[in-house]
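Below, each chain spelled out in residue letters.
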Amino acid sequence: MDLLNFKNKKVRVLYPLLLLVIPLIGICITEEINWSPFDFIIMGVLILSVSIGINFTLSKTKNLKNRIIYIGILGLLFLLVWAELAVGIFGSPFAGN
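Please read these numbers as outputs of a predicted model, since none were measured by experiment. (Residues numbered from 1 in each chain as written. Predicted model: local features only at pLDDT ≥ 70, side-chain atom pairs only at ≥ 80, totals over all residues. Heavy atoms only, no water.)

Peer 1: Help me understand the side chain of Thr-61, please; the structure alone is not making it clear to me.
Peer 2: The residue Thr-61 is located in the loop between α3 (37-60) and α4 (64-87) in this model. One polar contact links the side chain of Thr-61 to the main-chain carbonyl oxygen of Thr-57, over a distance of 2.6 Å. With residues near it in sequence (within four places) discarded, Thr-61 still touches Arg-67 and Tyr-70. (Helix = DSSP H or I, 4+ residues; strand = E, 2+ residues; numbered from the N terminus. Polar contact = N/O pair within 3.5 Å; in protein donor to acceptor, adjacent residues only side chain to side chain. Contact = heavy atoms within 4.5 Å.)

Okay, here's the thing in structure tokens:
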């Protein structure tokens, strides 16, 4: 199986997980980034769920306007959950500190 084959939709969903390399490199360079393995797991699940959602939206919707709206909503939800987990903007029980 060729991992760089962009036609393979099952593998293409996993490419956004490569974004987790950025904080991994940051941890090696500076002490200011303090991620635990649990943080990587949570962010991986969050990125993977958005990636699957975008892939599903692209495959099921034909209208460009609807695609843009649905992907925009997914992006906004991603940013809100990410901000809540990072700093707790809503003050929920799973908020960060």
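Peer 1: What am I meant to see in the environment of Asn-63 here?
Peer 2: Looking at the secondary structure, you find Asn-63 in the loop between α3 and α4. Asn-63 gets classed as partly exposed once you look at its relative accessible area, which sits at 42%. A polar atom in the side chain of Asn-63 sits 3.3 Å from the backbone nitrogen of Lys-65. (Buried < 20%, exposed > 50% of the residue type's maximum accessible area, 1.4 Å probe, protein only.)

Peer 1: Sorry if this is basic, but what is going on with the packing of aromatic side chains here?
Peer 2: Describing an aromatic ring pair means giving the distance of the ring centres and the angle of the ring planes. As enumerated under the stated definition, the model contains two aromatic pairs in all. Ring geometry for Trp-35 against Phe-40: centres 5.0 Å apart, planes inclined by 65°, an arrangement best described as edge-to-face. Ring centres of Phe-78 and Trp-82 lie 5.7 Å apart, and the angle between their planes is 35°; on these two criteria the pair is classed as tilted. Taken as a pair, Phe-78 and Trp-82 lie in helix α4 at a separation of four residues, close to a single helical turn. The exposure class assigned to Trp-82 is partly exposed, which follows from its relative accessible area of 40%. (Phe/Tyr/Trp six-rings, centres within 6.5 Å; stacked < 30°, edge-to-face > 60°.)

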